[in-house]
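Structural characterization, general
Here is how the chains run, residue by residue.
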Amino acid sequence: MASSHSSSPVPQGSSSDVFFKIEVDPSKHIRPVPSLPDVCPKEPTGDSHSLYVAPSLVTDQHRWTVYHSKVNLPAALNDPRLAKRESDFFTKTWGLDFVDTEVIPSFYLPQISKEHFTVYQQEISQREKIHERCKNICPPKDTFERTLLHTHDKSRTDLEQVPKIFMKPDFALDDSLTFNSVLPWSHFNTAGGKGNRDAASSKLLQEKLSHYLDIVEVNIAHQISLRSEAFFHAMTSQHELQDYLKKTSQAVKMLRDKIAQIDKVMCEGSLHILRLALTRNNCVKVYNKLKLMATVHQTQPTVQVLLSTSEFVGALDLIATTQEVLQQELQGIHSFRHLGSQLCELEKLIDKMMIAEFSTYSHSDLNRPLEDDCQVLEEERLISLVFGLLKQRKLNFLEIYGEKMIITAKNIIKQCVINKVSQTEEIDTDVVVKLADQMRMLNFPQWFDLLKDIFSKFTIFLQRVKATLNIIHSVVLSVLDKNQRTRELEEISQQKNAAKDNSLDTEVAYLIHEGMFISDAFGEGELTPIAVDTTSQRNASPNSEPCSSDSVSEPECTTDSSSSKEHTSSSAIPGGVDIMVSEDMKLTDSELGKLANNIQELLYSASDICHDRAVKFLMSRAKDGFLEKLNSMEFITLSRLMETFILDTEQICGRKSTSLLGALQSQAIKFVNRFHEERKTKLSLLLDNERWKQADVPAEFQDLVDSLSDGKIALPEKKSGATEERKPAEVLIVEGQQYAVVGTVLLLIRIILEYCQCVDNIPSVTTDMLTRLSDLLKYFNSRSCQLVLGAGALQVVGLKTITTKNLALSSRCLQLIVHYIPVIRAHFEARLPPKQYSMLRHFDHITKDYHDHIAEISAKLVAIMDSLFDKLLSKYEVKAPVPSACFRNICKQMTKMHEAIFDLLPEEQTQMLFLRINASYKLHLKKQLSHLNVINDGGPQNGLVTADVAFYTGNLQALKGLKDLDLNMAEIWEQKR
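Residues numbered from 1 in each chain as written. Predicted model: local features only at pLDDT ≥ 70, side-chain atom pairs only at ≥ 80, totals over all residues. Heavy atoms only, no water.

In this section: the overall build of the protein. Within the protein one finds 29 helices and four strands. Pairs at least 24 residues apart make up 78% of the contacts formed inside the protein by residues separated by at least 6 positions. Of the accessible surface of the protein, which amounts to about 57500 Å², a share of 55% is contributed by carbon and sulfur atoms. (Helix = DSSP H or I, 4+ residues; strand = E, 2+ residues; numbered from the N terminus. Contact = heavy atoms within 4.5 Å. Areas by Shrake-Rupley, 256 points an atom, 1.4 Å probe, with all protein chains shown as cover.)

This is the structure we're talking about:
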């Protein structure tokens, strides 16, 4: 506990003191909370109406005096003997200046007495009795805890009384869980009619916390008292230490006096000798400085000689070394005051010369004849230029090379066009002046040869650009590798130097006299091995010269700065040229890495430039619709040439350019549109002129179908002579089945194969071709429906009527197309990417439409006979002769129907069709018999009907293919009820 000797006495309270009143409920006898004795009798409670005087050991045994004031204000406020605390326990931290004043009653509030609560007490007295009984049966939790708290033994004061939560290392009240467990807010809730009990609970909580504080303070005071001897021992040891320091100071003073006497007797002569040696060494340094000045004076003439031979790197190294020598070794020399600025201007001039030289080299390299086999022009010159530009951080030389590439690409196309036009005799250059117009006068073979020549020249051009950029890239990588190795060597050298420095004897390392080191008085060859290594490195410099025959002066011939900058290492470029990489490179690793990436991007840019120029050349020829007028073979040839060029450039540059590919795709779409429109127009003309009669099948179409059966979807090659000898067939045989077709369907099959073959030749148009082919098949289905089922052929072609033979022939043609739809679907599925398989649903929709159309034709044939039955059987009368004229007429019409469709439709389809017709016949006959009241009773009328039906049945089964047909004629009679 902190002591406070200046604190004022605490006044004793009495029963009349209004500042220390504590209310106690006389109806509740609560045992006081166990606590430790305190030096303060009581504390302010915040209640200004009464004072409670509790028994106190301090008051009874020892009267309190001013000398008992050994606690601070917070400790005085935490008297565990008081039964009541202030309403807000946080006031104990308000400080020593806090004064609890009396609150003056307000004049505007009435005085409340017990009489005001009489009516209320009478109303709740019965409820209170019930509540008390319930409390006796199930005591509340807070009462139970208070009872346990008051039952503790008074003598128990160890720390086990304090909850474990206060002892946790991570105890913090800003944690919500910790705060709620220490200060449950239920104790501060005064709503709901529990004011008195909750107020008492909060007071009890404050007392508990105050009691825990007292326990901790008592234990702390006890621990301090146990260690009081250690505190006094520390104070005693401090006095002894001061005595030791005083003796040590006297001993040091005596030692210094002795050392001063020894210095005067023994060292002054030796130091004089050292001064003379230092003077001699300084003279040698002056001599070396003069030689260095003479060398620096020759810098400008030497630079001029190097520039005359285009040795830019050597000139820049010499300028850099000279400038560093001027700044470090020759700083302040009056005669060289203008040399630094002159060298800076000379360095700027070299920068301009290198950029101009590189521009000239780029022009010469890119514009030399493409027939030259040499990939890189003057490789050593290029390497020297690149090193010089890197040394000066002139990284825009790649932009210069890129501009030269664009100009060269334009010139390549221009020169190729001029050469081709000059070789073409049909073009009069005097009449057609513009080169673009002259180029447009070329026919496709000539223009195709020109495009092939341009692509071959571009390929050689890209190979040269790649070879040149590879040399530049190798130079950049060699510089980057040298930087990394230099950094590693420096780290190793620093580690070795640190290890050697630690091994030196620090007691005799230096001898200080007049501000100089002893190392300045002796030659550097007599120092540590570190200095020896440095000396050997300096002497290895190519620009160093022996200064004199004196071994002492030799290390001073070359300065530190010049030697450190002149270290070079040999590297090999992939072209076979050995280069010397200087350490004086101003580029960082990140800049060199970025430059290497820019070189690769420049190669990509070269590919893009060639593709862009090719696209412009292509578009200039396509202005008059030349490309859209190409036939299939010409466009396929052009497409393959462009795809080959795209693959070649991708292999050279490592990335696929998209401009030419996009132009090819655009032209392919236009080609597909024109291809589709031509064939759709052709199909439309064929359908408009089709008379829907069975056509002969030429041998070439039979060969075409046979190749499809073998799994080859391609147009067969024309055979000279062999095809002419073979006669046309009446039907088309597909996998053993005969198809009677019209001429339009034969041509449609050929058109479909042209679509499939176009997909094979130009894979990029697969999706477009699929949609166009779907549109073509839908158009054939809808148009044939309009012409046959819709009777449009009557007006278009001039047919007199749509016969059953026309209908059956149309149905068979549709069946042939349906037969080949799965084959077409498989062909496209093999060439579509998996993500576009959903487009194959078009074939499913087309198949459904064709089946619906075929079903409608069958229904139309049945409807024709149905109307005939209705017309004939409505006039049927049961009378002689047998067979009746009605049945003879019906059998005649059935025979005509059979003759019309039997040769066109398969036997199975014919049987199914006549079963449907027979069902219609039975329905109409049954209806007529019911109308005539003819029943199956064995009478004369029944016999006549049976004879007619037998005639009909025999005639129908006599037809070809209908012998085994189950007619079931018993259904014509009404069932007997």
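Our focus in this paragraph is the packing of helix α9 (residues 312–328) against helix α10 (residues 339–367). Two elements in contact, α9 and α10, have axes separated by 10 Å at closest approach and are oriented at 160 degrees. Classified by the angle their axes make, α9 and α10 are roughly antiparallel. In the packing of α9 onto α10, the handedness of the crossing is left-handed. Side by side, α9 and α10 meet where Phe312, Ala315, Leu316, Ile319, Thr322, Gln323 and Leu326 of the first sit next to Leu339, Gly340, Leu343, Cys344, Leu346, Glu347, Ile350, Met353, Met354 and Glu357 of the second. Of the residues that constitute the contact of α9 with α10, the class distribution is twelve nonpolar, three polar and two charged. (Axes fitted to C-alpha atoms, helices over the stretch in contact; angles between N-to-C directions. Parallel < 35°, antiparallel > 145°, perpendicular 65-115°, else oblique. Left-handed = near helix turned anticlockwise from the far one by under 90°. Nonpolar A, V, L, I, M, F, W, Y, C, P; charged D, E, K, R; others polar.)

The next subject is the packing of helix α19 (residues 659–688) against helix α23 (residues 766–789). The contact between α19 and α23 brings their axes to 10 Å, and the two run at 15 degrees. As summarised for this structure, α19 and α23 are arranged roughly parallel, according to the angle between their axes. The crossing of α19 and α23 is right-handed. Residues Gln665, Ile669, Val672, Asn673, Phe675, His676, Arg679, Lys680, Leu683, Ser684, Leu687 and Asp688 of α19 form the contact with α23, whose participating residues are Asp768, Met769, Arg772, Asp775, Leu776, Tyr779, Phe780, Arg783 and Leu787. In terms of residue class, the contact of α19 with α23 is built from ten nonpolar, four polar and seven charged.

The next point concerns the environment of threonine 946. The residue threonine 946 is located in helix α29 (residues 940–957) in this model. Once the C-alpha coordinates of threonine 946 and methionine 969 are considered, the two residues, 23 residues apart in sequence, prove to be 9.5 Å apart. At a separation of 2.7 Å, a polar atom in the side chain of threonine 946 contacts the main-chain carbonyl oxygen of asparagine 942. (Polar contact = N/O pair within 3.5 Å; in protein donor to acceptor, adjacent residues only side chain to side chain.)

This part takes up the side chain of threonine 459. With respect to the helices, strands and loops of the structure, threonine 459 is situated in helix α14 (residues 444–503). When residues no more than four places from it in sequence are discounted, the contact partners of threonine 459 are Phe645 and Ile652.

Going through the model one piece at a time under the given rule, you end up with 16 aromatic pairs. Taken together, a centroid distance of 5.8 Å and an interplanar angle of 40 degrees make the contact between phenylalanine 671 and phenylalanine 675 tilted. A residue pair is termed a helical-turn pair when its members lie 3 or 4 positions apart in one helix, as phenylalanine 671 and phenylalanine 675 do in helix α19 at four residues. The same class applies to phenylalanine 671 and to phenylalanine 675, which are both buried. With centroids separated by 6.0 Å and ring planes inclined at 45 degrees, the aromatic side chains of phenylalanine 828 and phenylalanine 843 adopt a geometry described as tilted. Taken together, the positions of phenylalanine 828 in helix α25 (residues 804–829) and phenylalanine 843 in helix α26 (residues 841–873) put the pair 15 residues apart, joining distant regions of the chain. Classification of phenylalanine 828 by relative accessible area gives buried; the value is 0%. Lying across the ring of phenylalanine 675, arginine 679 places its NZ or CZ 3.6 Å from the centre. Over the ring of tyrosine 739 we find arginine 812, and its NZ or CZ is 3.9 Å from the ring centre. (Phe/Tyr/Trp six-rings, centres within 6.5 Å; stacked < 30°, edge-to-face > 60°. Buried < 20%, exposed > 50% of the residue type's maximum accessible area, 1.4 Å probe, protein only. Lys NZ or Arg CZ within 6 Å of the ring centre and 35° of its normal.)

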